[in-house]
Amino acid sequence: MIEVLYFAWLRERIGTNRERVATEAATVADLVAELEARSDGHALAFADKTSLRVALDQELANFAAPLAGVREVAFFPPMTGG
Amino acid sequence: MRLSVQEAAFDLGQEANRFSNDIKGAGAIVTFTGVVRDNGGQLTAMEIEHYPGMTEKAISEIMEEAVARWDLADALVIHRYGVLRAGEPIMMVATAAPHRGDAFAAAEFLMDYLKSRAPFWKKEISAAGADWVAAQESDEAALTRW
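A brief structural summary.

**Quick notes on unusual backbone geometry**
Negative phi characterises most residues that are not glycine, and trans characterises most peptide bonds. The backbone phi angle of Gln 58 of chain A is positive, close to 70°, even though this residue is not glycine. With respect to the helices and strands, the residue Gln 58 of chain A is situated in the loop between strand E3 (53-56) and strand E4 (59-61).

Okay, structure coming up:
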């Protein structure tokens, strides 16, 4: 099981800030393909992948990164701090 | 070094005084404060969301890198989340160093990295509705100079 977190407009489009997902996905991209199929909101949230960022166990990563051993995956738009 | 990720407002003067009082032997202190713009009177509020846990981790790493790269006596980062009104301080960075060059450079470095590497997202709320603030390409480009 992986804990999947969503922030900002991804959270709004999907309608939840976190969900536990049973998955055998090998990479982030594989997981995204599974999540997109969950609902129309998920599909909308993941539609434009160039505007998405991902963190694995709270470290920035990319969509090709492997998920082996990862407990928490977070998806969010580019950050706007400061 | 001190990092505070907080919902509560802070007083710029008090924080700057506290920071400078704690410094021994620094010849230069630089402070930067980010304030909520009112967008020509249109903005009702700004909501700042963050990723608890990763926020502290990401900012700590950025601060450690600043201390490793420049000759700093101390550094401070305060960043707020939650609902903020126009004119309220959002965040502040302070650096202290023997000389001003290091203090200015480290403060700019911290700001550039906070903007696009610390997991905060801003939403502007006005009478017309609510919009997530889009990241600027210039913010990402700013990182290449370091």
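Here the narrative resumes.
**Notes on the packing of aromatic side chains**
What the rule picks out here adds up to 13 aromatic pairs over all chains. The interplanar angle of 15° and the centroid separation of 5.0 Å between the aromatic rings of Phe 7 of chain A and Trp 121 of chain B together place this pair among those described as stacked. Taken together, the residues Phe 7 of chain A in the loop between strand E1 (2-6) and helix H1 (8-14) and Trp 121 of chain B in strand E7 (residues 120-126) connect one chain to another. Take Phe 7 of chain A and Trp 121 of chain B: they sit in the same class, and that class is buried. Plain terms: the ring middles of Phe 46 of chain A and Phe 75 of chain A are 5.0 Å apart, the flat faces sit at 90° to each other, and that makes the pair edge-to-face. Taken together, the residues span a long stretch of sequence, with Phe 46 of chain A in the loop between helix H3 (40-45) and E3 and Phe 75 of chain A in strand E5 (residues 72-76) at a distance of 29 residues. By the burial criterion, Phe 46 of chain A is buried, and Phe 75 of chain A matches it.

**Looking at the environment of Lys 115 of chain B**
Structurally, the position occupied by Lys 115 of chain B is in helix H3 (residues 100-117). Judged by its relative accessible area of 27%, Lys 115 of chain B falls in the partly exposed class. Every residue in contact with Lys 115 of chain B, bar those within four places of it in the chain, is listed here: Met 79, Thr 80, Gly 81 and Gly 82 of chain A together with Lys 122 and Asp 139 of chain B.

**So, the pattern of salt bridges**
Here the structure, examined in full by the defined rule, presents 14 salt bridges over all chains. Of the charged contacts in the structure, one is a salt bridge between Glu 12 of chain A and Lys 123 of chain B, with a shortest N-O distance of 2.5 Å. With Glu 12 of chain A in helix H1 and Lys 123 of chain B in strand E7, the pair connects residues from two separate chains. Judged by its relative accessible area of 13%, Lys 123 of chain B falls in the buried class. A salt bridge links Glu 140 of chain B to Arg 117 of chain B; the nearest nitrogen and oxygen atoms lie 2.8 Å apart. Separated by 23 residues along the polypeptide, Glu 140 of chain B in helix H4 (residues 137-142) and Arg 117 of chain B in helix H3 bring together distant segments of the chain. Taken together, the shared-partner salt bridges connect Glu 3, Arg 18 and Arg 20 of chain A into one network.

**As for the interface of chain A and chain B**
Contact residues are listed per partner, giving 21 residues for chain A and 26 residues for chain B. In total, chain A and chain B occlude about 1,900 Å² of area from one another, counting both sides; carbon and sulfur atoms represent 55% of this. In terms of surface lost to chain B, no three residues of chain A exceed Met 79, Thr 80 and Gly 82 of chain A, which account for 37% of the buried area on that side. In this structure, the connection of chain A to chain B is made through three salt bridges.

**Quick notes on the packing of helix H2 (residues 54-69) of chain B against H3 of chain B**
Residues and elements named next belong to chain B. For the pair H2 and H3, interaxial distance at closest approach is 10 Å and the crossing angle is 155°. Our classification of the angle between H2 and H3 gives roughly antiparallel. In this structure, the crossing between H2 and H3 has a hand that is right-handed. Across from Ala 58, Ile 59, Ile 62, Met 63, Glu 65, Ala 66 and Arg 69 in H2, the residues of H3 making contact are Phe 109, Leu 110, Tyr 113, Leu 114 and Arg 117. Taken together, the residues of the contact of H2 with H3 sort by class into nine nonpolar, no polar and three charged.

The rules behind these values
- Residues numbered from 1 in each chain as written.
- Chains lettered and ligands numbered in written order.
- Predicted model: local features only at pLDDT ≥ 70, side-chain atom pairs only at ≥ 80, totals over all residues.
- Heavy atoms only, no water.
- Helix = DSSP H or I, 4+ residues; strand = E, 2+ residues; numbered from the N terminus.
- Phe/Tyr/Trp six-rings, centres within 6.5 Å; stacked < 30°, edge-to-face > 60°.
- Buried < 20%, exposed > 50% of the residue type's maximum accessible area, 1.4 Å probe, protein only.
- Contact = heavy atoms within 4.5 Å.
- Salt bridge = Lys/Arg side-chain N within 4 Å of Asp/Glu carboxyl O.
- Buried area = accessible area lost by both parts, 1.4 Å probe.
- Axes fitted to C-alpha atoms, helices over the stretch in contact; angles between N-to-C directions.
- Parallel < 35°, antiparallel > 145°, perpendicular 65-115°, else oblique.
- Left-handed = near helix turned anticlockwise from the far one by under 90°.
- Nonpolar A, V, L, I, M, F, W, Y, C, P; charged D, E, K, R; others polar.

Purely geometric numbers; function is a separate question.
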